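# Remarks on the overall topology
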Amino acid sequence: MTLQSINPTTGELFATYEEWSTEQAQDVVCKVHQDYVAWHRTGFDRRASLMRNAAGILSDNAREYAKLMAEEMGKPFLDGIAEAEKCAKACEYFAENAETFLSRQPVWTDARKTFVAFNPLGVVLAIMPWNFPFWQVFRFAAPSLMAGNAALLKHASNVPGCALAIEKIFRDAGFPENLFRTLMIASKQVDALIEHPLVRAVTLTGSGAAGRAVASKAGAVLKKTVLELGGSDPYLILEDADPHSAAAICARGRLVNSGQSCIAAKRFIVVEEARPAFEKRFVELMSKAKMGDPFEGGTEIGPLARHDLRDTLHRQVVASVGMGARLLLGGTVPNHPGAYYPATVLTDVGKGMPAYEEELFGPVAAIIPAKSEAEAIAIANDTPFGLGGAVITRDLPRGERIAEFEIESGMVFVNENVRSDPRVPFGGIKESGYGRELSSYGIKEFVNIKTVMVY
Ligand code: NDP
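Cut-off values and rules
Residues numbered from 1 in each chain as written. Predicted model: local features only at pLDDT ≥ 70, side-chain atom pairs only at ≥ 80, totals over all residues. Heavy atoms only, no water. Helix = DSSP H or I, 4+ residues; strand = E, 2+ residues; numbered from the N terminus. Buried < 20%, exposed > 50% of the residue type's maximum accessible area, 1.4 Å probe, protein only. 1 Å grid on protein atoms, 1.4 Å probe; cavity = no way out; pocket = protein on both sides within 12 Å on 5 of 7 lines; lining within 4 Å. Points joined across faces, edges and corners; volume = space filled by probe spheres on them. Nonpolar A, V, L, I, M, F, W, Y, C, P; charged D, E, K, R; others polar. Phe/Tyr/Trp six-rings, centres within 6.5 Å; stacked < 30°, edge-to-face > 60°. Pairing = 2+ DSSP bridges. Contact = heavy atoms within 4.5 Å. Axes fitted to C-alpha atoms, helices over the stretch in contact; angles between N-to-C directions. Parallel < 35°, antiparallel > 145°, perpendicular 65-115°, else oblique. Left-handed = near helix turned anticlockwise from the far one by under 90°. Salt bridge = Lys/Arg side-chain N within 4 Å of Asp/Glu carboxyl O. Near = heavy atom within 4 Å. Polar contact = N/O pair within 3.5 Å; in protein donor to acceptor, adjacent residues only side chain to side chain. Areas by Shrake-Rupley, 256 points an atom, 1.4 Å probe, with all protein chains shown as cover. Sits in = over half its atoms within 2 Å of the grid points.

### What about unusual backbone geometry?
Notably, S258 is not glycine yet its phi reads approximately 55°, a positive angle. Positionally, S258 belongs in the loop between α9 (243-255) and β11 (265-271). Accessibility expressed as a relative area gives 1% for S258, which makes it buried. For L438, which is not a glycine, the phi torsion comes out positive at approximately 65°. Assignment of secondary structure puts L438 in the loop between β17 (433-434) and α15 (439-442).

Shown next, in the form of structure tokens:
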């Protein structure tokens, strides 16, 4: 069996990698654990110095990594450079702040001394997706390694080259040889690793189906999980919103990573008064986004990462139109060997349609009309997902109130796109998963929060 890199721009197979046996992978778990034993006693200064080396390697080689991302999953080249740079910033951030986040916290009790300490857990298994093949991994790895853990990466099967490049970054940065290892395995082999006694916790970013499978297995052997799953982020466009800036925020939010982001803007819930002007401007902006070769300058929409993902998206569009949605833009599969799908806008989307109920993982926008703020909020929350969301209004206190108290999700932005930032927690509720990544909260997911009382 092999893992294959297929270029979604051309459909061509350009690299194959031998898939490991489960025994080979288990052998690597033992090696990773051996390095963990020494690593978890290293000081923060040493860890930070190596993490800064990793940041330097990411920045110095950003173009090489961007090429790999473009070839393996179709990301526009400039976006790939930005992704590598963002990873470098996350490494710098946790190099700078991990010690503060994890310093012991004193508590006043009747004991002579009481404090809370944060010890690493051990070997953490990360199961990661292809959409941000570098960022998703570094978002987990930078805080986890800084906390003193070791890591195993089971990356998505379509980005094996990225997975090996990431392993090399940590090695070249001077981390112990086996502290971060990529496992060249298929998803069916993951259960055996979750069962491995030296694997202490699991984190997964991906679909709900993968999350359920991994969480069930981890639950059966009582191992901690963090799940970052899909989203169908609602963007509320209230009647007082400026239609031009609202449309710009929404188009940008929908097209991020060619629409393949868990926190992409997906459902545009527009209060009726704002709808005509918003729709007009939004369709204009969506139609201007250039679809093309990821290596060509100006390309905003590359091919989707795989042909099957493109086909699923098209089925969702066709079924929604069949149920009464109106197509304002796009909606046809281009006659091209690549996995392309054009910027598409559906309006009059309603309950029961795939565009209302399911995650649309590509450049397809669903406009859902609402009569009032109250109805817009009800529609926003009428979803199994709860990852991000946005409110667009000229009235900032109103936006803040809706963001804080009304939207059922892990992150809400007022007048801007939802985005990840190492300084603030990232994660969802409901079927979007649980646990948090990034910030002082994320780094504490994979630590033993230990109480020490001295009498
Ligand atoms: P998956 O959820 O199948 O893949 C994500 C990761 O999970 C991959 O490493 C995959 O490995 C692994 N995986 C899948 N099933 C299992 C399992 N049963 N046990 C252990 N590991 C597993 O995503 P897809 O690539 O199939 O994308 C499907 C949809 O998922 C998208 O259209 C989108 O809706 C959502 N998605 C959400 C993402 C997010 O950022 N939240 C990212 C990617 C997808 P392998 O590749 O070997 O199967």
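### Here's the deal with the layout of surface pockets
A probe matching the size of a water molecule, rolled over the atoms, marks out where space remains unfilled. Considered as a void within the structure, the largest pocket measures approximately 1100 Å³ in volume. W130, G206, S207, R306 and L309 are, among the 46 residues lining the largest pocket, the residues nearest its centre. Every element with two or more residues in the lining of the largest pocket is listed here: β1 (2-7), α7 (190-195), β8 (199-205), α8 (208-220) and α11 (307-322). For the second largest pocket, the lining is made up of 29 residues, of which K86, F132, V256, N257 and R419 are closest to its centre. Taken together, the residues of the lining of the second largest pocket break down into 14 nonpolar, seven polar and eight charged.

### Re the packing of aromatic side chains
Inspection of every chain in the model, using the stated rule, returns 13 aromatic pairs. Centroid distance Y65 to F134: 5.1 Å. Interplanar angle 35°. Geometry classified as tilted. Linking Y65 in helix α3 (residues 62-73) with F134 in the loop between β5 (123-127) and α5 (135-146), this pair joins segments that are 69 residues apart in sequence. The exposure class assigned to Y65 is buried, which follows from its relative accessible area of 4%.

### A closer look at the sheet that holds strand β16 (residues 413-414)
Strand pairs in the sheet, formed through backbone hydrogen bonds, run parallel or antiparallel to each other. Judged by pairing direction, the sheet is mixed, and its seven strands sit side by side in the order β12-β13-β14-β11-β10-β15-β16 without closing on themselves. One side of each edge strand has no neighbouring strand; the edge strands of this open sheet are β12 (326-329) and β16. Across two bridges, strand β15 (residues 390-392) lies against β16 in parallel orientation. Looking at β16, one finds that A390 is bridged to F413. In the packing of α9 onto the sheet, the strands contacted are β10 (233-237), β11, β14 (364-370) and β15, and the crossing angle to β11 comes to about 155°.

### A few points about the packing of helix α2 (residues 44-60) against helix α6 (residues 160-172)
At their nearest, the axes of α2 and α6 sit 8 Å apart, and the two run at 130° to each other. One finds that α2 runs oblique with respect to α6. For the element pair α2 and α6, the recorded crossing hand is right-handed. From α2, M51, A54, I57 and L58 reach across to α6, where they touch I169, F170 and D172. The residue makeup of the contact of α2 with α6, split by class, is six nonpolar, no polar and one charged.

### Let's talk about the pairing of strand β4 (residues 113-120)
Sheet faces and side chains relate simply in a regular strand, where the side chains alternate between the two faces. For β4, the tally of buried residues reaches six of eight residues, placing the bulk of the element in the interior. Examined bridge by bridge, strand β3 (residues 105-106) and β4 share two bridges and lie antiparallel to one another. Looking across to β4, one finds that Q105 is bridged to V116. The loop that links β3 with its antiparallel partner β4 comprises six residues.

### A word on the pattern of salt bridges
In the structure shown here, the tally under the stated rule is 36 salt bridges. One network of salt bridges, in which partners are shared, links E239, D240, E373, R398 and R401.

### Here's the deal with empty space enclosed by the protein
Evaluated as defined, the whole model comprises four cavities of 30 Å³ or more. Empty space within the largest cavity amounts to approximately 90 Å³. Together, 15 residues line the largest cavity, and F140, P143, S144, G442 and F446 are the ones closest to its centre. With four residues, α5 is the largest single contributor of residues to the lining of the largest cavity. By residue class, the composition of the lining of the largest cavity is seven nonpolar, four polar and four charged. As a volume, the second largest cavity reaches approximately 60 Å³. Every element with two or more residues in the lining of the second largest cavity is listed here: β10 and α13 (373-381). By residue class, the composition of the lining of the second largest cavity is five nonpolar, six polar and three charged.

### A short note on the site of the ligand
The environment of the ligand is formed by 26 residues, the closest being M128, W130, S157, S207 and E359. One nitrogen or oxygen atom from the main chain of A156 is found 3.4 Å from an oxygen atom belonging to the ligand. In this structure, S157 approaches the ligand through a side-chain N or O atom, which is 2.3 Å from an oxygen atom. When the free accessible area of the ligand is taken as 870 Å², the share hidden by the protein chains comes to 81%. With respect to the detected pockets, the ligand is housed in the largest pocket. For the shell around the ligand, the element with the highest residue contribution is α8, accounting for three residues. When the residues that make up the shell around the ligand are grouped by side-chain class, the tally is 13 nonpolar, nine polar and four charged.

### Points about the sheet that holds β17
Strand order in the open sheet formed by six strands is β7-β6-β5-β8-β9-β17, with mixed pairing between adjacent strands. For this open sheet the edge positions go to β7 (180-182) and β17, each flanked by a neighbour on one side alone. Most of the contacts of α5 go to strand β6 (residues 150-154), to which it runs at about 165°, and overall it touches β5, β6, β7, β8 and β9 (224-228). On the sheet, α6 packs against β6 and β7 and is oriented at approximately 160° with respect to β7.

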